[in-house]
Amino acid sequence: MYRDNRFGERNFENTAPVKVGERYRVKIEGMGSGGDGIARIKGFVIFVPDTKVGDEVDIVINSVKKRFAFAEKI
(Lines give C-alpha, C1' and ligand atoms only; values in the text may rest on other atoms or scores of the structure.)
Protein backbone atom coordinates (compact mmCIF):
# COMPACT_ATOMS: atom_id res chain seq x y z
CA MET A 1 0.00 0.00 0.00
CA TYR A 2 0.98 3.58 -0.47
CA ARG A 3 -0.51 6.89 0.50
CA ASP A 4 -0.28 10.37 -0.95
CA ASN A 5 1.39 12.98 1.22
CA ARG A 6 0.17 16.54 1.48
CA PHE A 7 2.02 17.47 -1.72
CA GLY A 8 0.36 14.70 -3.74
CA GLU A 9 3.53 12.59 -3.81
CA ARG A 10 3.19 8.93 -3.10
CA ASN A 11 4.80 7.58 0.05
CA PHE A 12 5.99 3.97 -0.21
CA GLU A 13 7.23 3.61 3.34
CA ASN A 14 4.46 1.14 4.11
CA THR A 15 5.79 -1.42 1.61
CA ALA A 16 9.52 -0.83 2.10
CA PRO A 17 11.52 -2.53 4.88
CA VAL A 18 13.02 0.86 5.85
CA LYS A 19 11.57 4.18 6.98
CA VAL A 20 12.78 7.77 6.83
CA GLY A 21 14.91 8.57 9.88
CA GLU A 22 15.94 4.99 10.64
CA ARG A 23 19.65 4.28 11.11
CA TYR A 24 21.52 1.21 9.94
CA ARG A 25 25.04 -0.17 9.62
CA VAL A 26 25.48 -1.41 6.04
CA LYS A 27 28.16 -2.72 3.68
CA ILE A 28 28.39 -1.15 0.24
CA GLU A 29 27.99 -3.99 -2.28
CA GLY A 30 28.07 -2.15 -5.59
CA MET A 31 28.01 1.18 -7.37
CA GLY A 32 25.08 2.86 -9.09
CA SER A 33 25.34 4.51 -12.50
CA GLY A 34 25.30 7.93 -10.79
CA GLY A 35 28.31 7.03 -8.63
CA ASP A 36 26.45 6.34 -5.39
CA GLY A 37 27.24 3.25 -3.37
CA ILE A 38 24.57 0.55 -3.21
CA ALA A 39 23.68 -1.30 -0.02
CA ARG A 40 20.77 -3.67 0.59
CA ILE A 41 18.51 -4.08 3.58
CA LYS A 42 16.34 -7.20 3.33
CA GLY A 43 17.03 -7.08 -0.42
CA PHE A 44 15.81 -3.49 -0.70
CA VAL A 45 18.27 -1.19 -2.52
CA ILE A 46 19.68 1.79 -0.63
CA PHE A 47 21.74 4.43 -2.47
CA VAL A 48 24.48 6.01 -0.34
CA PRO A 49 26.60 8.84 -1.82
CA ASP A 50 30.32 9.28 -1.08
CA THR A 51 30.97 5.58 -0.55
CA LYS A 52 32.78 2.83 -2.41
CA VAL A 53 32.45 -0.94 -2.66
CA GLY A 54 33.51 -2.63 0.57
CA ASP A 55 32.85 0.35 2.85
CA GLU A 56 30.96 -0.42 6.06
CA VAL A 57 29.11 2.72 7.09
CA ASP A 58 26.40 3.96 9.41
CA ILE A 59 23.54 5.55 7.47
CA VAL A 60 20.26 7.34 8.03
CA ILE A 61 17.42 6.93 5.54
CA ASN A 62 16.43 10.24 3.89
CA SER A 63 13.88 9.25 1.26
CA VAL A 64 11.94 6.08 0.43
CA LYS A 65 10.67 5.27 -3.05
CA LYS A 66 8.78 2.22 -4.33
CA ARG A 67 11.86 0.13 -5.18
CA PHE A 68 14.76 1.90 -3.48
CA ALA A 69 15.73 4.46 -0.86
CA PHE A 70 18.30 7.21 -0.44
CA ALA A 71 20.47 7.54 2.67
CA GLU A 72 23.45 9.52 3.89
CA LYS A 73 26.48 8.55 5.95
CA ILE A 74 26.42 9.58 9.59
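Whatever comes next refers back to the structure up there.
Residues numbered from 1 in each chain as written. Predicted model: local features only at pLDDT ≥ 70, side-chain atom pairs only at ≥ 80, totals over all residues. Heavy atoms only, no water.

### Focus: the pairing of strand E8 (residues 68–73)
By the bridge criterion, three bridges tie strand E6 (residues 44–48) to E8 in an arrangement that is parallel. When the sheet's bridge partners are listed, isoleucine 46 is paired in E8 with alanine 69. Judged from the five bridges that link them, strand E7 (residues 56–64) and E8 form a sheet pairing that is antiparallel. Opposite isoleucine 61, over in E8, you have alanine 71 as the bridge partner. Connecting the antiparallel pair E7 and E8 is a turn made up of three residues. (Pairing = 2+ DSSP bridges. Helix = DSSP H or I, 4+ residues; strand = E, 2+ residues; numbered from the N terminus.)

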